[in-house]
Amino acid sequence: MDFQFLAKGIALAGCALGAGIALIAGVGPGIGEGEAVAHALDAIGRQPECKGDVTSTMILGCALAETTGIYGFVTGLLLIFVAPGSFMNLLS
Amino acid sequence: MEVDITGARILFDTPINLPILGQLRITETMVISWLVMLVVTGLCIWLTRNLKTENISKRQAVAEMLVEMANKFVVGNMGEKFRYFVPFVAALFATSMVSNLIGLVGLRSPTADLSTEMAWAITVFVLITAQKIKTNGLGGYLKDFTTPIPLLTPFNILGEVATPIGMAFRHFGNILSGLVINTLLYAALAVASSALLGLIPGAVGAVLSQIPILDVGIPAILSVYFDWVSGVLQAYIFCMLTVMFIANAAEG
């Protein structure tokens, strides 16, 4: 059994699984942004005249809430495009 | 199917060796940033040529509207005493927006490279810290880390460092995700169109299947969100956060 080969396989599998798991981070911002939009719609329904203010504040809040999801996405990208290469260098 | 998603390419190496950073390399990001600077400078020169006080042209009206907007944005959010921040914030916004939108003409936008945003975020971080020290004094600034109890000092330091990292990653992640998704979509549509047109029998099908006909038009729908909405919104948010953080630092 070629252990070098096995080690590379395990490293690649780990990267792929890790990338998938990292994208679970998208759940949080999804729920959070949904809540934010729901409440913004409530507010607009109650006071349609302040639609502009509510919308711009909501978009800003949504973009801020998105940050953790973006962290997950960047981690996933690093695991797919960067980590395998450095593991292969390490193991060869 | 070939999908080509890479970081910014290194165009050529210069023989200059910098002290800590190592060899100076000219990357795609730097060259396109120069282009962005040229575009922004050119726009500024074009918009501010022959200004008049009466009978203004449409061009001057646009220029006045933009300056007015920048003034309103900064003064409205930070107060009158921060009027001197208007040029900085406007420059940041213009550079960020042109950088994001330059991806539309097929160049790799400089903001899809973390170095660009990190540089901006560090600049903003220095401004925030300077403002904090100016408001509270150096002692007050350092003392601020031990509130509410000294035990929390590491967390306060972590929170302080998270500010520029968060700002940079938010902008970077949004633009890069647009780039990746667009690249994947182009590749997938090329495969789909070659499979679809390959159904035509004979030489005509063989020739037509080489042309990625589905790549025309369809990616534009996604581009509306990922390039236009995301690009403008992220530029706005980056400036908004800059303005907010500096205004908060001044309150002490």
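Structure shown above.
**Points about the pattern of salt bridges**
Residue and element names in this part refer to chain B.
Logical step 1: Taken as a whole and judged by the stated rule, the model has 4 salt bridges over all chains.
Logical step 2: We note a salt bridge from R9 to E28, for which the minimum N-O separation is 3.6 Å. Of this pair, R9 sits in the segment before strand 1 (10–18) while E28 sits in helix 1 (residues 28–47), and the two are 19 residues apart along the sequence.
Logical step 3: Residue R9 is classed as partly exposed on the basis of its relative accessible area of 39%.
Logical step 4: Put simply, E80 and R83 hold a salt bridge, and the shortest N to O gap is 2.7 Å.

**Focus on the interface of chain B and chain A**
Logical step 1: Taken together, the contact between chain B and chain A spans 17 residues of the former and 12 residues of the latter.
Logical step 2: In terms of surface lost to chain A, no three residues of chain B exceed F169(B), R170(B) and I237(B), which account for 33% of the buried area on that side.
Logical step 3: Between the two partners, chain B and chain A, sit 0 salt bridges.
Logical step 4: Connecting chain B to chain A are 1 residue pair in polar contact (both at pLDDT 80 or more).
Logical step 5: At the level of secondary structure, the elements contributing two or more residues to the side of chain B that touches chain A comprise helix 5 (153–197) and helix 7 (218–251) of chain B.
Logical step 6: Among the elements that take part in the side of chain B that touches chain A, helix 5 of chain B stands out by supplying 10 residues, more than any other.
Logical step 7: Looking at the side of chain B that touches chain A, its residues break down into 12 nonpolar, 4 polar and 1 charged.

**Looking at the layout of surface pockets**
All names here are of chain B.
Logical step 1: In this structure, the largest pocket occupies an estimated 960 Å³ of space.
Logical step 2: Lining the largest pocket are 30 residues, and of these L66, V67, A70, A90 and F93 sit closest to its centre.
Logical step 3: Looking at the lining of the largest pocket, the elements that each hand over two or more residues are helix 1, helix 2 (58–78), helix 3 (86–101) and helix 7.
Logical step 4: With 12 residues, the top contributor of residues to the lining of the largest pocket is helix 2.
Logical step 5: In terms of residue class, the lining of the largest pocket is made up of 25 nonpolar, 2 polar and 3 charged.
Logical step 6: Approximately 510 Å³ is the volume attributed to the second largest pocket.
Logical step 7: Lining the second largest pocket are 23 residues, and of these G103, G106, L107, L179 and T183 lie nearest its centre.
Logical step 8: Taken together, the elements giving at least two residues each to the lining of the second largest pocket come down to helix 5 and helix 7.
Logical step 9: With 6 residues, helix 5 is the single largest residue contributor to the lining of the second largest pocket.

**Overview of unusual backbone geometry**
All names here are of chain B.
Logical step 1: Residue P148 is bonded to the preceding T147 through a cis peptide linkage, with omega at -5°.
Logical step 2: Notably, N55 is not glycine yet its phi reads approximately 55°, a positive angle.
Logical step 3: Position of N55 relative to the elements: it lies in the loop between helix 1 and helix 2.

**Focus: the side chain of E117(B)**
All names here are of chain B.
Logical step 1: The topology assignment puts E117 in helix 4 (residues 114–143).
Logical step 2: Within the local environment of E117, its side chain forms a polar contact with the side chain of H171, the two groups lying 3.0 Å apart.
Logical step 3: When neighbours within four sequence positions are excluded, E117 is seen to be in contact with T111, A168, H171 and F172.

**As for empty space enclosed by the protein**
Residue and element names in this part refer to chain B.
Logical step 1: This structure, assessed with the given rule, holds 1 cavity of 30 Å³ or more.
Logical step 2: Taken together, M167, R170, H171, Q234, I237, F238 and L241 make up the lining of the largest cavity.
Logical step 3: Of all the elements, helix 7 adds the most residues to the lining of the largest cavity, at 4 residues.
Logical step 4: Looking at the lining of the largest cavity, its residues break down into 4 nonpolar, 2 polar and 1 charged.

**Concerning the nonpolar core**
Logical step 1: Among the nonpolar cores identified, the biggest contains 27 residues, and F73(B), V74(B), M78(B) and F238(B) are the most heavily contacted of them.
Logical step 2: No other element matches the 10 residues that helix 7 of chain B contributes to this core.
Logical step 3: Residues contacting F73(B), with those up to four places away along its chain left out, are V89(B), Y236(B), C239(B), M240(B) and V243(B).
Logical step 4: One finds F73(A), I175(B), L176(B) and V180(B) within the second-largest nonpolar core, a separate group that totals 11 residues.

**With respect to the state of the cysteines**
All names here are of chain B.
Logical step 1: In total, this model carries 0 disulfides over all chains according to the counting rule given.
Logical step 2: Here C44 stays unpaired: no disulfide links it, and the sulfur of C239, its closest cysteine neighbor, is 14 Å away.
Logical step 3: Overall, C44 belongs to the partly exposed group, its relative accessible area being 47%.

**A short note on the packing of aromatic side chains**
Logical step 1: Applying the stated rule across the entire model yields 10 aromatic pairs over all chains.
Logical step 2: Ring centres 6.0 Å apart and planes at 85° place the aromatic pair Y71(A) and F169(B) in the edge-to-face group. Of this pair, Y71(A) sits in helix 4 (residues 67–91) while F169(B) sits in helix 5, on two different chains.
Logical step 3: Measuring from ring centre to ring centre gives 6.2 Å for F169(B) and F172(B), while their planes differ by 80°; the resulting arrangement is edge-to-face. Within this pair, F169(B) and its partner F172(B) are both found in helix 5, separated by 3 residues, close to a single helical turn. When sorted by exposure, F169(B) lands in the same class as F172(B), which is buried.
Logical step 4: A cation sits over an aromatic face here: R59(B) above W46(B), 5.7 Å from the ring centre.

What counts and what doesn't
Residues numbered from 1 in each chain as written. Chains lettered and ligands numbered in written order. Predicted model: local features only at pLDDT ≥ 70, side-chain atom pairs only at ≥ 80, totals over all residues. Heavy atoms only, no water. Salt bridge = Lys/Arg side-chain N within 4 Å of Asp/Glu carboxyl O. Helix = DSSP H or I, 4+ residues; strand = E, 2+ residues; numbered from the N terminus. Buried < 20%, exposed > 50% of the residue type's maximum accessible area, 1.4 Å probe, protein only. Contact = heavy atoms within 4.5 Å. Buried area = accessible area lost by both parts, 1.4 Å probe. Polar contact = N/O pair within 3.5 Å; in protein donor to acceptor, adjacent residues only side chain to side chain. Nonpolar A, V, L, I, M, F, W, Y, C, P; charged D, E, K, R; others polar. 1 Å grid on protein atoms, 1.4 Å probe; cavity = no way out; pocket = protein on both sides within 12 Å on 5 of 7 lines; lining within 4 Å. Points joined across faces, edges and corners; volume = space filled by probe spheres on them. Core = buried A, V, L, I, M, F, W, Y, C linked by side-chain atoms within 4.5 Å. Disulfide = S-S within 2.5 Å. Phe/Tyr/Trp six-rings, centres within 6.5 Å; stacked < 30°, edge-to-face > 60°. Lys NZ or Arg CZ within 6 Å of the ring centre and 35° of its normal.

So yeah, pure geometry; function would need other evidence.
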